[in-house]
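# Coordinate analysis (summary)
Spelled out from the first residue to the last, the chains are:
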Amino acid sequence: MTEAMHSFLARRQFLAGGLYGLGGMSLATPLAKALQRVSDQTPFPRSLVLVQLSGGNDGLSTIVPFADDGYAAARQATRLVKEDVLPLDDYRGMHRNLKGLHRQYQEGQMAIIEGVGYEDMIRSHFRALEVWHTGRRAGRNSGEGWVGQLAQAAWDKEDHPNLVVHLGGEVPYSVYSTDHPAAALQAPTVYKWFGKQQVELAYGMEAAGADSKRPAGPKHVGRDKALASLRSILNDAHDSSASIRKAAALYRERVEYPRNRLGGGLRDVAALIHGRLGTRVFSLKMKGFDTHAGQRGSHDSLMESLDTALSAFMDDLSKSPAGRDTLVLVFSEFGRRVEENGSKGTDHGKAGPMFLLGSSVKGGLYGKHPSLVDLDEGDLAATTDFRSVYGSIIEHWFKTPHEAVLGKKYSLLPLLG
Amino acid sequence: MYYPFHLALLALLVASPVLSQSADRLEDKGTLDLTVLKPKPDSSWDARAVEHLFNRAGFGAHNLDVRRGLRTGQEMLVRQLIQGEDDGPRFVTRPVEPNMELLKGGDDEERSQERNRLRNDNRRQGQEFLNWWVNRMLAGQSPLRERMTLFWHGFFTSDSTKVRLVELMIAQNELLREHALGNFGEMLHAIVRDPAMLIYLDNISNKKDSPNENLARELMELFTLGEGNYSEEDIREVARALTGYGIDRKREFMVNPRTHDFGSKTILGVEGRHDGRDVVDILLAQPACARWVAGSVITYLEGVEPATDRLEHYAEFLRTADYELAPMLEKLLLDPEFYRDEIVGARVSSPIDYLVGICRRLGADVRGEIIVRGAGLLGMSLFEPPNVKGWNEGPAWITTATLMNRANLAGVLLGTIEPGEMQVDPLDDMELTEDEMASMNGLGPEFPLDEAMMGGGEMMGTSAEVEKEKKARNQGNLMAKVARVIGSGGHHPRISLGARLFRSGASTDREIVEFMCSSLLAIDTPLETRRMLVAALRTDREAQGIEPGNLVKKNAAAEEVLRRLAHLILSLPEAQLG
């Protein structure tokens, strides 16, 4: 057994002992409280929570230009009138189910960036997502995801498996990175190996043939390349399993989260933040926004789920010092067609709004609402590039030159106070 | 109708430069009776190649399959795979008929009872069908047909949570199975008229007055051409051509003349009063279409995208063969490039591959339901692909979480993890009560059937997606549920690793590791891994007080050591490849 393995095993036993000790203890015990106090004193690292609304959110039903004649003319079944919205000003209002977010906005903790997109927008879900996930027109062909590039540029020395965490099933390309792959979990409670098969013996195995006198040779070139990345995932799983379960089990949320997937995911995000795992970017997805038919009912309930989940998270964090160090960015791959289709729904469109939330955000309206008359192939034309939003966060929040991540310079927005 | 074998051969003789050589050899022997074909004296046809073929064209191989494959020879084996055997019982679909009197005229309780009955019947039938399908993967005699049916399910996706009527999902699956090795053009024509697809991509509400573009867009982007090979104007025109394509009250395909647009359309430069049939013909005539189909099939089976020249070659071949798939598959599976070092053993197995592969290699008799649920837990719910593009194959399957969950499911299959074990976590104080579990759990479609929907009318957009969101709240529950399903049906793995070892003649720790690796893994095992396993086995054996060489003695303690070794092997990165 190598020395590294010994020390690993020792560390693991220590962790396991510690965890079981804490697990058997009620949170009301003085020790747990003391631990809580200690953890409240050290600063939290700044983090970003990315929420993807998959399928293409109908921006016109989210930030509604109720006073625009063009809107009234184009929409019937999905149209929201003044009484249906929570007004932001004389022209626009938020969907009436976004009550919690409306409050965040009024309290100056929410930036709404209108008309966001990019030049010559793509209406395919998959190609459009590639653009959003890489920050580049060429999509995957351009290289790693933008969060992966950010990790490389900003935290290359913070080499730990919880640097970027995706909560949910399918991992988005935005967090794709060979050097800083995201940890992914669906449920902290089962984020572990069961059984007695000594998986730790496989820990620390790097490239195939690395500690062998006889190199494997070209015959296994494909296998060994695949093995190298799988082995690093196994190492990451080992290193993150206990810390994530511990953080999730010990966390006591200060508010009640709604019982939807995003709510559950955001609850876990709050737990990981407070568990001080050093995570810089969290990623989550919410599905169901591809509303080609019967949009009104389903979009209404999507807005409700989104609102209850996000506002629970914001409320929870507002009661903690971590609130100052956390941003939430909400985006979707495209907005939807201005004109409705025949199925009381809408087809794929172009520009849409983005949200940025947090107590460090300078709330308000940014960008420019696109014209509902002067359309781009029947769609809203983009007035603000989404990379201006990414860039502002990279530069002003993470203090990293944004062109190092996005490949070129974009004009930045004063989103952070 | 399955692919007639002599036609395949004819196509080969005519079309393939590579295969016509092998056909020449057949001619030299003066016979087309393939059963007398001797193994090729080519040394490249070794156990590694046989296993690779079974991994990719089937669902993995038992040691005995590999030995048989070596004897059979490459050409014969490939032909057997393509021909397959139409084996086993067919699945008989029971129509789930709503009692409209109750739904429309009954009181609240009667209506709700009827809705529950429909929902439960629907869900049960879906589950039964998926079990039937997985059993064909586990033990059927047409592994390539099932492999390609699975591929087409990810290519021509539909989602039962949106389609809701599971009998339509089953019918679509049978359609894909029928054409899986047949003619792509015929399959595409059928898909455009397939009720499940018409519901899934909203075409049932695509009407002349204001068309719905969903099917039109995906038809070009994902089913035939790929992005960049059509314009937004083409999408609008194709959508017009597909107006009125829907289903009738009997849930069968129909074109509604009142909502179909009979006017002239221009699609990819072709003008005419096109309907869905014309659209498909226009798309099939595009060079991009053959390229898209050939590229998708090759990428799926090889695990990496083909080089441009090679793709062109296959696309040309497919077009010349009039989109017959069997000749292209035969050519591919005999292509030395298919066995190149870059791709052998380098593909990350899908959850279905991982679980079905374990069972096939172990020779274990496992209920299909366990595989279906387990694959769902690992991110591959059959009948519920993540989106219209289907599953993202390859490295994306493995995350920190799925790597651990794969090992956990392998432990359950081996009997080294008690199903109940996974429901209790010493750190888990977020466990839900039984009631909460009962209300939130549930795999498979269990949504109330909308009455309007039953009449073939409009459906509520993506409300199914919203429901899906709600029930997916806690994957921990899902794991517990999978464990319960496994436990409740009494999963007692009837395997004896000791007996298998005994037959193999392996006795020392090193021999045992060699044998177990070659039995359980789909790939060659690296040296350092085997060393690590030998050390692990020795430690465990000594801890149990078992002397060297005594593990083959068939006693319970020895069997437990062997199963823990098997569990460790199946937990390794090596077990995720195939």
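Worth saying up front: this structure is predicted, and the values here are computed from it rather than measured. (Residues numbered from 1 in each chain as written. Chains lettered and ligands numbered in written order. Predicted model: local features only at pLDDT ≥ 70, side-chain atom pairs only at ≥ 80, totals over all residues.)

### Considerations on the overall build of chain A
The helix and strand inventory of chain A stands at 11 helices and 12 strands. Here chain A holds 417 residues, and 59% of them are scored as buried. Taking the contacts inside chain A whose residues are at least 6 apart along the sequence as the reference set, 73% of them involve residues at least 24 apart. (Helix = DSSP H or I, 4+ residues; strand = E, 2+ residues; numbered from the N terminus. Buried ≥ 20, exposed ≤ 12 C-beta atoms within 10 Å, placed from the backbone. Contact = placed C-beta atoms within 7 Å.)

### So, the overall build of chain B
Of the regular secondary structure elements, chain B holds 29 helices and four strands. Here chain B holds 578 residues, and the buried ones make up 51% of them. Sequence separation of at least 24 residues holds for 75% of the intrachain contacts in chain B that already meet a minimum separation of 6.

### Side note on the packing of helix H8 (residues 261-274) of chain A against helix H9 (residues 295-318) of chain A
Residue and element names in this part refer to chain A. As a packed pair, H8 and H9 sit with axes 9 Å apart at the nearest point and diverge in direction by 15°. Considered as vectors, H8 and H9 are oriented roughly parallel to each other. Judged by the twist between their axes, the crossing of H8 over H9 is right-handed. On the side of H8, the interface is formed by Leu262, Gly263, Leu266 and Ala270, while H9 contributes Ser305, Leu306, Thr308, Ala309, Ala312, Phe313, Asp316 and Leu317. Taken together, the residues that form the contact of H8 with H9 break down as eight nonpolar, three polar and one charged. (Axes fitted to C-alpha atoms, helices over the stretch in contact; angles between N-to-C directions. Parallel < 35°, antiparallel > 145°, perpendicular 65-115°, else oblique. Left-handed = near helix turned anticlockwise from the far one by under 90°. Nonpolar A, V, L, I, M, F, W, Y, C, P; charged D, E, K, R; others polar.)

### Here's the deal with the domain arrangement of chain B
Taken domain by domain, chain B comprises domain 1 (183-346) and domain 2 (497-576). Using only C-alpha atoms to locate each centre, domain 1 of chain B and domain 2 of chain B end up separated by 49 Å. (Domains from an automatic or database assignment.)

### Some words on the interface of chain B and chain A
At the junction of the two partners, chain B supplies 79 residues and chain A supplies 81 residues. Those elements that provide at least two residues to the side of chain B that touches chain A are helix H13 (214-224), helix H21 (400-414), helix H24 (463-471), helix H25 (475-488), helix H28 (527-543) and helix H29 (556-571) of chain B. Of the residues assigned to the side of chain B that touches chain A, the class counts are 32 nonpolar, 24 polar and 23 charged.

### Side note on unusual backbone geometry
Positive phi, normally seen in glycine, also occurs at glutamine 198 of chain A, with a value near 55°. Examined against the element boundaries, glutamine 198 of chain A turns out to sit in the loop between strand S7 (183-185) and helix H7 (221-250). The residue tyrosine 323 of chain B is not glycine, and still its phi comes out positive at about 65°.

### Quick word on the confidence of the model for chain A
Mean pLDDT for chain A: 89, with 88% of residues reaching 70 or above. Taken together, the stretch residues 1-28 of chain A has pLDDT below 50 and engages in 21 contacts with residues farther than four places along the chain or on a different chain. (pLDDT = per-residue confidence, 0-100.)

### What about the nonpolar core?
Ranked by internal contacts, the top residues of the largest apolar core, which has 267 residues, are Leu329, Met354 and Leu356 of chain A together with Val238, Leu318, Leu565 and Ile569 of chain B. Among the elements that make up this core, the one with the highest residue count is H7 of chain A (11 residues). Once you skip the residues sitting within four places of it in the chain, isoleucine 569 of chain B turns out to touch Met516, Cys517, Leu520, Leu521, Leu533 and Ala575 of chain B. (Core = buried A, V, L, I, M, F, W, Y, C linked by C-beta atoms within 7 Å.)

### Overview of the environment of leucine 165 of chain B
Relative to the helices and strands, leucine 165 of chain B is located in the loop between helix H9 (160-163) and helix H10 (166-179). For the pair leucine 165 of chain B and leucine 283 of chain B, spaced 118 residues apart in the sequence, the C-alpha separation amounts to 29 Å.

### Here we look at the pairing of strand S8 (residues 281-286) of chain A
All names here are of chain A. The element S8 is largely enclosed, with a buried count of six among its six residues. Burial of the side chains of S8 extends over both faces: Val281, Ser283 and Lys285 are buried on one face and Phe282, Leu284 and Met286 on the other. Summarising the sheet, strand S6 (residues 164-167) and S8 pair through four bridges and their orientation is parallel. Residue pairing in the sheet places valine 165 in a bridge with phenylalanine 282 of S8. (Pairing = 2+ DSSP bridges.)

### Some details on the pairing of strand S9 (residues 326-332) of chain A
Side chains on a regular strand alternate between the two faces of the sheet. Residues and elements named next belong to chain A. The buried fraction of S9 is high, at seven of seven residues. The alternating pattern of S9 places Thr326, Val328, Val330 and Ser332 and Leu327, Leu329 and Phe331 on opposite faces, both of which are buried. Sheet analysis places strand S1 (residues 47-53) next to S9, joined by seven bridges and oriented parallel. Looking across to S9, one finds that valine 51 is bridged to valine 330. Relative to strand S10 (residues 352-357), S9 runs antiparallel, the two sharing three bridges. Directly across from valine 328, in S10, lies its bridge partner leucine 357.

### What about the environment of alanine 237 of chain A?
Locating alanine 237 of chain A in the fold gives a position in helix H7. For alanine 237 of chain A, a count of 27 C-beta atoms within 10 Å puts it in the buried group. Residues alanine 237 of chain A and tyrosine 191 of chain A, 46 residues apart in the sequence, show an inter-C-alpha distance of 8.5 Å. Once residues lying within four places of it in the same chain are set aside, the contact partners of alanine 237 of chain A are Thr400, Leu403 and Met404 of chain B.

### A few points about the sheet that holds strand S2 (residues 63-64) of chain A
Residues and elements named next belong to chain A. The strand order across the open sheet built from three strands is S2-S4-S3, with neighbouring strands paired in antiparallel fashion. Across the chains shown, the open sheet's two edge strands, defined by having one partner strand only, are S2 and strand S3 (85-87). As paired strands, S3 and strand S4 (residues 93-95) are joined by three bridges and run antiparallel to one another. For leucine 86, the partnering residue across the bridge sits in S4 and is methionine 94.

### So, helix H15 (residues 276-284) of chain B
Among all positions of H15 of chain B, only Gly276, Val279, Val280, Ile282 and Leu283 of chain B are buried. What you see down the axis of H15 of chain B is that its buried residues fit within an arc of 160°, all on one side. (Arc of directions from axis to C-beta.)

### Quick word on H29 of chain B
All names here are of chain B. Here H29 contains 16 residues, and its C-alpha end-to-end distance of 22 Å stays within 8% of the 22 Å for a straight helix at 1.5 Å per residue. Buried within H29 are the following residues: Val561, Leu562, Arg563, Arg564, Leu565, Ala566, His567, Leu568, Ile569, Leu570 and Ser571. Of the surrounding elements, those touching the buried residues of H29 are helix H19 (351-362), H21, helix H26 (497-504), helix H27 (509-520) and H28. (Expected span 1.5 Å × (residues − 1).)

### Notes on the confidence of the model for chain B
All names here are of chain B. Per-residue confidence for chain B averages 84 on the pLDDT scale, and 80% of its residues sit at or above 70. For residues 1-40, every residue scores under 50 in pLDDT, and the model assigns this stretch 50 contacts once sequence neighbours within four places are set aside. In this model residues 424-463 is a low-confidence stretch, pLDDT under 50, and it forms 88 contacts with partners more than four residues away in sequence or in other chains. Note on the complex model: pTM 0.83, ipTM 0.83.

### What about the environment of histidine 125 of chain A?
Mapped onto the elements of the fold, histidine 125 of chain A is located in helix H5 (residues 125-134). Excluding residues within four positions of it along the chain, histidine 125 of chain A makes contact with Gly55, Gly56 and Glu333 of chain A together with Asn387 of chain B.

### Some remarks on the packing of helix H3 (residues 47-57) of chain B against helix H4 (residues 63-72) of chain B
All names here are of chain B. Interaxial distance between H3 and H4 falls to 9 Å at its minimum, and their mutual angle equals 110°. Regarding the angle of H3 to H4, the classification is roughly perpendicular. The element H3 and its partner H4 pack so that their crossing is right-handed. Each of Ala47, Val50, Glu51 and Phe54 in H3 lies in contact with H4, whose residues at this interface are Asp65, Val66, Gly69 and Leu70. For the contact of H3 with H4, a count of residues per class yields five nonpolar, one polar and two charged.

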